[in-house]
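Each chain is listed here by its residues.
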Amino acid sequence: MNSMKKAAKDQSDQPSSRSALEEEDLDWLNMAPVGREFGSKDYDRLMAHDNLVYAASTSADPASLALRVFLDDERTTPEGWVRVYWPDEAIDLLETKAVSEISLDHDLGNDERGTGYDVVLWIEEAVALRGFIPPKMTVHSANSSARKKMEAGIQAINRLLKK
């Protein structure tokens, strides 16, 4: 058997497995386009979000921006607040240290993408491990059990801050 046929046979004997990188590449290839030219309804919102993150991350004093962040998928955004729909968007803004207040809903329409409680958990970890100073936090969720869980998380954060 010539060497090329032998190499092909050896490869076919190996179980087929994709590396994590290949899986991530496939995820990116299968993702719906978000550009304005593709008709994405989220394009303008995502660009505004990116501009806020950029402005806060390049500001000499991010706290001077004093963003008020409203995490919700359905309610009308209160005047003067920046609306985000997903926990990762809220966390992006929190990481800039420009958020002075955040109001959280729990149920955001896709639990796989996260809930408002995920933001509470992120803040708690950031306070405990990195000395993060959180903004004023409120919960506006109508889910009563999740609301209690989130408020308990905020109380735990406040106890960490008093140590």
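Going by the structure above, here's the rest.
All figures in this text were calculated on a predicted structure; none of them were measured in a lab. (Residues numbered from 1 in each chain as written. Predicted model: local features only at pLDDT ≥ 70, side-chain atom pairs only at ≥ 80, totals over all residues. Heavy atoms only, no water.)

### Section: the packing of helix α4 (residues 87–95) against helix α5 (residues 116–130)
Okay, step 1: With their axes 9 Å apart at the nearest point, α4 and α5 run at an angle of 30 degrees to one another. If you check the angle between α4 and α5, you find them roughly parallel. The handedness of the crossing between α4 and α5 comes out as right-handed. Between α4, through Pro87, Ala90, Ile91, Leu94 and Glu95, and α5, the contact on the second element is made entirely by Asp118, Val119, Trp122 and Ile123.
Okay, step 2: Class assignment for the residues of the contact of α4 with α5 results in seven nonpolar, no polar and two charged. (Axes fitted to C-alpha atoms, helices over the stretch in contact; angles between N-to-C directions. Helix = DSSP H or I, 4+ residues; strand = E, 2+ residues; numbered from the N terminus. Parallel < 35°, antiparallel > 145°, perpendicular 65-115°, else oblique. Left-handed = near helix turned anticlockwise from the far one by under 90°. Contact = heavy atoms within 4.5 Å. Nonpolar A, V, L, I, M, F, W, Y, C, P; charged D, E, K, R; others polar.)

### Quick notes on the sheet that holds strand β4 (residues 136–139)
Okay, step 1: The strand order across the open sheet formed by four strands is β2-β1-β3-β4, and the pairing between neighbours is parallel. Across the chains shown, the open sheet's two edge strands, defined by having one partner strand only, are β2 (82–84) and β4. On average, each strand axis in the sheet is tilted by 20 degrees relative to the strand beside it, whichever way the strands run.
Okay, step 2: As paired elements, strand β3 (residues 99–104) and β4 share four bridges and run parallel to each other. Counted as the bridge partner of Leu104 is Val139 from β4.
Okay, step 3: Relative to the sheet, α5 contacts β1 (67–71), β3 and β4, its axis offset from that of β3 by approximately 140 degrees. (Pairing = 2+ DSSP bridges.)

Take it as geometry only, folks, not as evidence of what the structure does.
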